[in-house]
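Survey of secondary and tertiary structure
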Amino acid sequence: MSERKTPLLVMFDGMAIAYRAYFAFISRPLTNAKGENTSAVFGFINALHQALELHKPDYAAVAFDTAAPTFRHKMYKPYKATRQAMPDDMIPQISQIKELTKAYNIPQLELPGYEADDIIGTLAHEADKNKMETLIITPDKDYCQLVTKHVKLLRPKDSTTHELMDEEAVKAKYGLRPDQFIDYLALVGDTSDNIPGIKGVGEKTATPLIQEYESLEGIYKNLAKIEKKALKEKLTNDKANAFMSRELATIKLDVPLPMKLKDLEYTKSPDFRKVEAMLKDLGFKQLLAKLHAEEKIFFGSSTPELPLDAPEESPKKDDEEKAEPRSEKTQNIRSVKHSYETITSVKDIKQLVAKLKMAKEICVDLETTSATAMLAIPIGISFSMTPKEAYYIPIRVDASLAKEQSSLFGESAKGAPAEKNALNSGLDINEVFETIKPILESQKINKVGQNIKYDALVLRRYGIKLRPIVFDTMIAESLLQSEGLQSMDDLSIKYLNYEPVALSDVAGKFKKQHSFEVMSGLDTDQLAEYGAEDADITLQLKRVIKKKIESEKLQRVAGYIEFPLIDVLTSVEFNGVKIDTKLLGEVSKELERDTENTCKSIWKHAGGEFNIDSPKQLGDILFKKMGLPTIKKTKTGFSTDAQVLDQLKAHHPIAEEILNYRQYQKLRSTYVDVLPTLVNPNTGLIHTTYNQAVAATGRLSSNEPNLQNIPVRTDIGRGLRKAFVSRFKNGQIFSADYSQIELRIVAHMAKEEGLIRAFANEEDIHTQTAARVFGVKTESVNRDMRRKAKEVNYGIMYGIGAFGLATRLNITQKEGSEIIRNYFAAFPAIKDFIDSTIAFAKKNGYVETLLGRRRHMTNINAANAAVRAADERAAINMPVQGTAAEMIKLAMINIQRELERTSMKSVMIMQVHDELVFDVHPDEKKDLQELVEYRMQNALPMDVKMEVDSGFGKTWFDAH
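Report follows, based on the coordinates. (Residues numbered from 1 in each chain as written. Predicted model: local features only at pLDDT ≥ 70, side-chain atom pairs only at ≥ 80, totals over all residues. Heavy atoms only, no water.)

Glancing now at the packing of helix α32 (residues 783-795) against helix α33 (residues 802-809). In the contact formed by α32 and α33, the axes pass within 11 Å of each other and the chain directions differ by 140°. One way to sum up the angle between α32 and α33 is to call them oblique. Handedness of the α32/α33 crossing: right-handed. Taken together, the residues of α33 that come into contact with α32 (itself represented by R787, K788, E791, V792 and G795) are L805, R808 and L809. Its residues assigned to classes, the contact of α32 with α33 comprises 3 nonpolar, 1 polar and 4 charged. (Axes fitted to C-alpha atoms, helices over the stretch in contact; angles between N-to-C directions. Helix = DSSP H or I, 4+ residues; strand = E, 2+ residues; numbered from the N terminus. Parallel < 35°, antiparallel > 145°, perpendicular 65-115°, else oblique. Left-handed = near helix turned anticlockwise from the far one by under 90°. Contact = heavy atoms within 4.5 Å. Nonpolar A, V, L, I, M, F, W, Y, C, P; charged D, E, K, R; others polar.)

Structure, rendered in C-alpha cells:
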C-alpha cells in the first residue's frame, strides 16, 4: 500500500457489526470451549483486526448505542418499537467486545440520547472539514448519506471481504448521490427502525422520483407533474410522514461530544497479554496466531515465557482413572514439571516394551510427514502410560522414501545436514515397528488417542492393527459438545488449563507443516518434546473427559458404537475404492459437450450471449429482459438459486436448461475431473476419510473425496456410479440400503400403531398415508395424492409447517395446513411424539437418540421466534436421524467383525448415509448377502420390521 499524505480516521459501528455477525451464524452459532456463543465477538474482532492491519489508521474509534432513549424516540414514539430485545446469548458478547476494544487501546464512544450513527457522523463531518480521510466500518446502508470525497464506507460482505462505498459506488448501486440518500429514506422508510416513509412507495418508485426532481422538496413542488394518480395520492396523504421520516433518518453532524479528533489518535500498541487471554477464552485460534505475528512486529520477539513457578514434585503414579487436578493458571511445557524421554536405541525400545507390557492402558501418537494418512510416512511415535510421563521414538526416513514423498507432494526433500535432523537421526522404521508391534496389537493393553483413526490407518499400512481402541478424546468431546472445538490444543485449554506446544512453534507457519520441505529442517529434540507432550496431554484428557462422558450418561453410545467404529472405519478407509479412470475421462468429454450445447440453448432462449455463471447477469436476463416472475430477491438483486429456478420451470424452459448447466459444471469440477487425481499412487485406489465428529446427529461425513454427495436424483449423477468397479477378477459390487429407515424409526419411537401395522403388512406407506390424509380408499389414491403424502411423511421429521409444505408442493398455505391437520388426525401418536420431544428439549436443553446420544438445543427457549423455531425443528429431527445413524454404525461394526472372523476376502468400501457398499469376491456372493442383510435388519431391536434393499452388479450403478 502506498504511503498516505493525509491522516486516516477509521470508525467502527460496534453494535451494527456485532448484530450482523450474530445473525450471520444464527443457524450454526460459533461457540467456545465452554459452549458459549461467540458469533458476535468473532465478527467484530475480525472486522477490527482486518481494518487495523490493512489500513493502519492514524486515528480510530468504536461507537456504541446506549439503552437511553434518543431525540428520535421523543420525536416519534414508535421509533424502533418493533425491534426485538437483544438475544440473551448476545448480551455478554457486547461486554466482551467492549473489553477487547479497550485491550486494543481504541477509544470507545457512546453518549446517552444519541445513536452511534450520530457520533460517527459528527466526527466524520469534522474530519471532512479538515480534509482528513475517513473510513466508516458498518453494514448499515443509512451511512451512505455521509459519503463525500474524503468520507467512505467499508461494508462487510462476509468474514473476509468488504464492499468499499465511495461517491461513485453509492451512485452506481443506488442511482443516487450520497446527499440524496436521506430523501430516498424519507420516501421508502426503514422497517428495521420502524421509520414509516410513504406507504406503498418502494425502491423502484422512490429512486426515479428523486433522480427526476432532485430532492424531497423538489418532488412536492412538482407534485402536479406526476401522472400516476395512485402515486400522487400516496405522496399527498403521507407528506407529513415523509418529512418526519427524513428527520428520523438524518444522521446528526453536531453532537456535543466531550472529545475532539485529536483525542482519537491511535498510537498505542494493543495490550497483547490481555487480548491474548481473551482470544484464548473465546477459542479464536486463527486470530490468536495473527496476534502473535503482530506482536513480533511491535516488539521483535515471541510471546514472553511464563515463569517456572510450578510446584517441585515428581509425577504421581495415580490410579489409571484419576484425573490430574486443573490448574487455575494457564500452564505450559515450561511451567509444569514433566518427564519426557527420547528413545535412541533398539535396546532402549525393548526396555520400553517391557514397561508398556505392564500397563493396562497406553496413549499412542504418531508424528508423520503428511496430514493424509494413506500417504504419511512415520517419523516418530510417542507413548504415555502415566500423566506427565511420556516416551518418544524417532524414526529414520531413508533416501528412497524421501524421494517418493517428494514426488507425492511436489516439494524438494532437502534434508538438513545437522546430526539431529528429524528425518535422518532416528531409528530404522522396520526395527522400530517389529519391536513395538506386539504392544500395539496386544488385546490386553487398551489404546487411547486423539483422532486415533489417523494413527491406526498409518500403522495399518505398515502391517500393524492398532487394537483395542477404547477411547478417543476428539470423538468423546463431540458427544459432549457436538458443535464445539475438538482439537487437542482446544481440549487441553478447556479441561486442563494447559496450553500445549503448537505445531507452528515446531514446524513454523508453513502452509504444509507436515511436508518434507518443513520436516527436513526440524530438530529431533524439538519434535520429541512436541510428540511426547501430545501423548501425555491426550492421556490426561482421556481421564477428565471419561468422567464427563459418565456423568452425562453417554458411556453406552461411546463404548457401544463410536469407539468400536474407529477400527471399522480404519478398515473401510484402508480398503479404498477402485474407479475406472478411463470411463471418467469419457464422461468428462461427454459432459463438456453437454455443457456447450446447453450453454448455446440458454443463449438462444435469452436472445444473446451473457455470462451464465454471473448471478447478476442471469437475474437481469430472466427477470428484466425476459420478464419472468420474480420469485425471491436478495440484498444484491434477483435470486437465481435452485429453488427459484425449480419454480420457474413451469414458466419457461430456460430454467430447466440453467439447472442442467449448473449440474454439468458441478459434476465435472467436483467429481469427474477430480476423482482420477485422488487415486493413491501406491494402492491404485481412492481412500476417502470418514468423520465421526462433525454432524450433530451422529451421521458420518466423508471428504477428500466426499463420496456421500454424489448426485443420485439425475441420470448423469447416477451414471457416475458406473465408474466404481471391483478390484477382484470377476468380482462385483454389492449395495445394501435401508428402506425408509427414518419413517420406520419414527413409527417405533412414536409407537404409532397405524404406521407399525402398515410396515408389518408391507404396504406402500405413502399410499396408506394418502388414503388417511385425503379420506379415500387406497385404490382411489392417485399419483398426486401419493406425492403429497410422501412430502408430509418425510417433511414431518424435519418439523415442516404449512408454509414449507405449500412451497414444496406448490399449493396454497391453507391446503398445506389442512393436509398437516389431517395427517396428525390420522396418526395422533406422531403429533404426541413431536410435542413431547419439543417439551423434553425445552425442559432439559437437549434431545437424545434411542441409545442416548445427545444434541444440546441452546436456543430452544429463545425469545426470538425464528431462532427458537429452528431449534424446535432440529429437536424433532435429531432423535430420528441420530438413531438411524446409530443403527447403520452398529451394522457396520457387526459386519466387519464377521468378515474378519470368517476371513472373507470381500471388503466393505463405503458408507453412504443409509447404504453400505462392498467389493465382493466372486466366491462369496451368497454368504456376504446373507451376512449383510441379517446384520442390518437386526442392528437394533425395533417394533417395526427393518427392510433392506440389496443388489449385485459389475459397477456400483448396476448394484444399486
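Still to come is the rest of the account.
This part is about the side chain of T70. Mapped onto the fold, T70 is located in the loop between β2 (59-63) and α3 (71-75). When its relative accessible area of 4% is taken as the criterion, T70 is described as buried. In this view, T70 contacts Y79, G113, Y114 and E115; residues no more than four positions away in its chain are not counted. (Buried < 20%, exposed > 50% of the residue type's maximum accessible area, 1.4 Å probe, protein only.)

Turning to the pattern of salt bridges, a few remarks are in order. Two side chains carrying opposite charge are able to pair once their charged atoms lie near each other. Applying the stated rule across the entire model yields 46 salt bridges. For the salt bridge of E886 with R853, the shortest nitrogen-to-oxygen distance reads 3.2 Å. Placement of E886 in helix α36 (residues 865-901) and of R853 in the loop between β21 (846-848) and β22 (854-856) is noted, with a sequence separation of 33 residues between them. R853 gets classed as buried once you look at its relative accessible area, which sits at 5%. Here the salt bridges share partners, and the residues they tie into one network are R460, R467, D567 and E900. (Salt bridge = Lys/Arg side-chain N within 4 Å of Asp/Glu carboxyl O.)

Of all 8 residues in strand β10 (residues 389-396), 7 are buried, a share of seventy percent or more. In this structure, strand β7 (residues 339-342) lies alongside β10, joined through 4 bridges in parallel fashion. Across the sheet, the residue bridging to Y340 is A390, located in β10. Of the strand pairs in this sheet, strand β9 (residues 378-384) and β10 are connected by 4 bridges, and their pairing is antiparallel. Opposite I381, over in β10, you have I393 as the bridge partner. Where β9 hands over to β10, the hairpin turn is made up of 4 residues, of which K388 adopts a positive phi near 70°. (Pairing = 2+ DSSP bridges.)

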